[in-house]
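Residues per chain are reported as follows:
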Amino acid sequence: MSVIYLDNNATTRIDPEVVEAILPWLGEQYANPSSVHHFGQQARHAVEIAREQVAAAMGVRERQIVFTGSGTEANNLAIRGVLAARPEKRHVVTTAVEHDSVLRPMQQLEREGYRVTYLGVDSLGHLDLSELEASLSDQTALVSIMHANNETGVIFPVEKVAALTATKGIPLHVDAVQTTGKVRDASGHSPLNLDDVPVDLLTASAHKFHGP
Ligand SMILES: Cc1ncc(COP(=O)(O)O)c(C=O)c1O
């Protein structure tokens, strides 16, 4: 019996080309990229090449790329990082349909005394932008919103959300784990043209699009 795998939103098969590219770094070239010796510097070079390639695909500068171990870790780092930089603001806006890697940190923030607004969606899974606008205040430290929903596939209008948050000077984090590598904008960037759309932090996860 042949098996057809239909769970690519959960994870994808790593591409054989990717396996070939990373194998040396799992085998003989195992050095720490922070080591100053030759092997370490070779590993450092490989990380920097990878950073250049990711930055080019995303349409951003290399120094804007931060590698993490997973999308879950990146979401936590993005949320915690913004809040640590703006400790006087104690309100966060997100949606009720985020992935657990956003919802659970939000629940923890509530236990720590933050006020969290969870925007609802209608029966088709769509957001009400006027509800979003009404929720924003000068106490809002962050808006964290997903690009595409991992269960319904609904794509949120991040461009419109970004226009709102930028006008009010509120940092915007977009969980683009389900669109990076799958959805491209009109300029061919994956998944949004970050030159045109004022997103401050964006999460992507390689294992969702045939990476490790
Ligand atoms: C929308 C969304 N965000 C975040 C994650 C977490 O990504 P990772 O599995 O890389 O931790 C997932 C995983 O399914 C997801 O679908």
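Conventions adopted
Residues numbered from 1 in each chain as written. Predicted model: local features only at pLDDT ≥ 70, side-chain atom pairs only at ≥ 80, totals over all residues. Heavy atoms only, no water. Helix = DSSP H or I, 4+ residues; strand = E, 2+ residues; numbered from the N terminus. Rg over C-alpha atoms; globule rule 2.2 N^0.38 Å. Buried < 20%, exposed > 50% of the residue type's maximum accessible area, 1.4 Å probe, protein only. Contact = heavy atoms within 4.5 Å. Areas by Shrake-Rupley, 256 points an atom, 1.4 Å probe, with all protein chains shown as cover. Lys, Arg positive; Asp, Glu negative; His and termini not counted. Charge placed at Lys NZ, Arg CZ, Asp CG, Glu CD. Near = heavy atom within 4 Å. Polar contact = N/O pair within 3.5 Å; in protein donor to acceptor, adjacent residues only side chain to side chain. Domains from an automatic or database assignment. Buried area = accessible area lost by both parts, 1.4 Å probe. Salt bridge = Lys/Arg side-chain N within 4 Å of Asp/Glu carboxyl O. Nonpolar A, V, L, I, M, F, W, Y, C, P; charged D, E, K, R; others polar. Phe/Tyr/Trp six-rings, centres within 6.5 Å; stacked < 30°, edge-to-face > 60°. Lys NZ or Arg CZ within 6 Å of the ring centre and 35° of its normal. Core = buried A, V, L, I, M, F, W, Y, C linked by side-chain atoms within 4.5 Å.

*Asks:* How would you sum up the overall build of the protein chain? Please name residues and give values.
*Replies:* Along the protein chain, the regular secondary structure elements total six helices and five strands. Along the chain direction, N to C, the helices and strands of the protein chain fall in the order α-α-α-β-α-β-α-β-α-β-β. The C-alpha radius of gyration computed for the protein chain amounts to 19 Å, which stays within 12% of the reference 17 Å derived for 212 residues, consistent with globular compactness. Counting over 212 residues, the protein chain shows a buried share of 38%. By sequence separation, contacts in the protein chain at least 24 residues apart represent 65% of the contacts at least 6 residues apart. For the protein chain, the accessible surface area stands at approximately 12,100 Å², while carbon and sulfur atoms represent 54% of it. Side chains of the protein chain give 17 positive and 26 negative charges; the mean places of these two sets differ by 5 Å.

*Asks:* Give me the site of the ligand: which residues, what numbers.
*Replies:* Taken together, 14 residues surround the ligand, and among them Thr72, Asp175, Gln178, Ser205 and Lys208 come closest. In this structure, an oxygen atom belonging to the ligand sits 2.8 Å away from a side-chain N or O atom of Gln178. A distance of 2.6 Å separates an oxygen atom of the ligand from a polar atom in the side chain of Ser205. In the complex, the protein chains occlude 89% of the 390 Å² of accessible area that the ligand would expose alone. Tallying contributions element by element places helix 3 (residues 71-85) first for the shell around the ligand, with three residues.

*Asks:* Quick one: what's the story with the domain arrangement of the protein chain, residue by residue and with numbers?
*Replies:* Per the domain assignment, the segments of the protein chain are domain 1 (16-64) and domain 2 (71-209). Just the C-alpha atoms count here: the centres of domain 1 and domain 2 sit 29 Å apart. Each side of the interface is counted separately: domain 1 has five residues, and domain 2 has eight residues. Summed over the three residues of domain 1 that lose the most area to domain 2, namely Ala57, Met58 and Gly59, the buried surface amounts to 86% of that side. Counting the contacts that link domain 1 with domain 2 gives zero salt bridges. Its residues assigned to classes, the side of domain 1 that touches domain 2 comprises four nonpolar, one polar and no charged.

*Asks:* How would you sum up the environment of Ala96? Please name residues and give values.
*Replies:* Take Ala96: it is sitting in the loop between strand 1 (91-95) and helix 4 (100-111). As for Ala96 and Val121, which are separated by 25 residues in sequence, their C-alpha atoms are 7.6 Å apart. What Ala96 contacts, discounting residues up to four positions off in sequence, is Leu103, Tyr118 and Leu119.

*Asks:* How would you sum up the packing of aromatic side chains? Please name residues and give values.
*Replies:* Two numbers describe a pair of aromatic rings. These are the distance of the centres and the angle of the planes. Counted according to the given criterion, the structure contains zero aromatic pairs. Here the guanidinium or amino end of Arg90 rests over the ring plane of Tyr114, the centre of that ring lying 4.1 Å away.

*Asks:* Describe in detail the pattern of salt bridges, supporting the description with residues and values.
*Replies:* Following the criterion strictly, the structure yields four salt bridges and no others. For the salt bridge of Glu112 with Arg80, the shortest nitrogen-to-oxygen distance reads 2.9 Å. Linking Glu112 in the loop between helix 4 and strand 2 (115-119) with Arg80 in helix 3, this pair joins segments that are 32 residues apart in sequence. Arg80 sits in the partly exposed class, given a relative accessible area of 36%. One salt bridge connects Asp100 with Arg104, and the closest N-O pair in it is separated by 3.3 Å. Separated by four residues within a single helix, Asp100 and Arg104 lie in helix 4, roughly one turn from each other. Because the salt bridges share partners, they merge into one network encompassing Arg44, Glu48 and Arg51.

*Asks:* Which residues make up the nonpolar core, and what are the values?
*Replies:* As a rule of thumb, soluble globular proteins bury nonpolar side chains together. Core analysis: the biggest nonpolar cluster contains 22 residues, and Leu132, Val143, Ile145, Leu172, Val174 and Val199 have the highest contact counts within it. If you list the elements that add at least two residues to this core, you get strand 3 (140-146), helix 6 (158-168) and strand 4 (172-175). A per-element tally of this core places helix 6 first, with four residues. Residues contacting Leu132, with those up to four places away along its chain left out, are Val93, Leu119, Val143, Val161 and Leu164. In this structure, Val92, Tyr114, Val116 and Ala141 belong to the second largest nonpolar core, which totals 11 residues.

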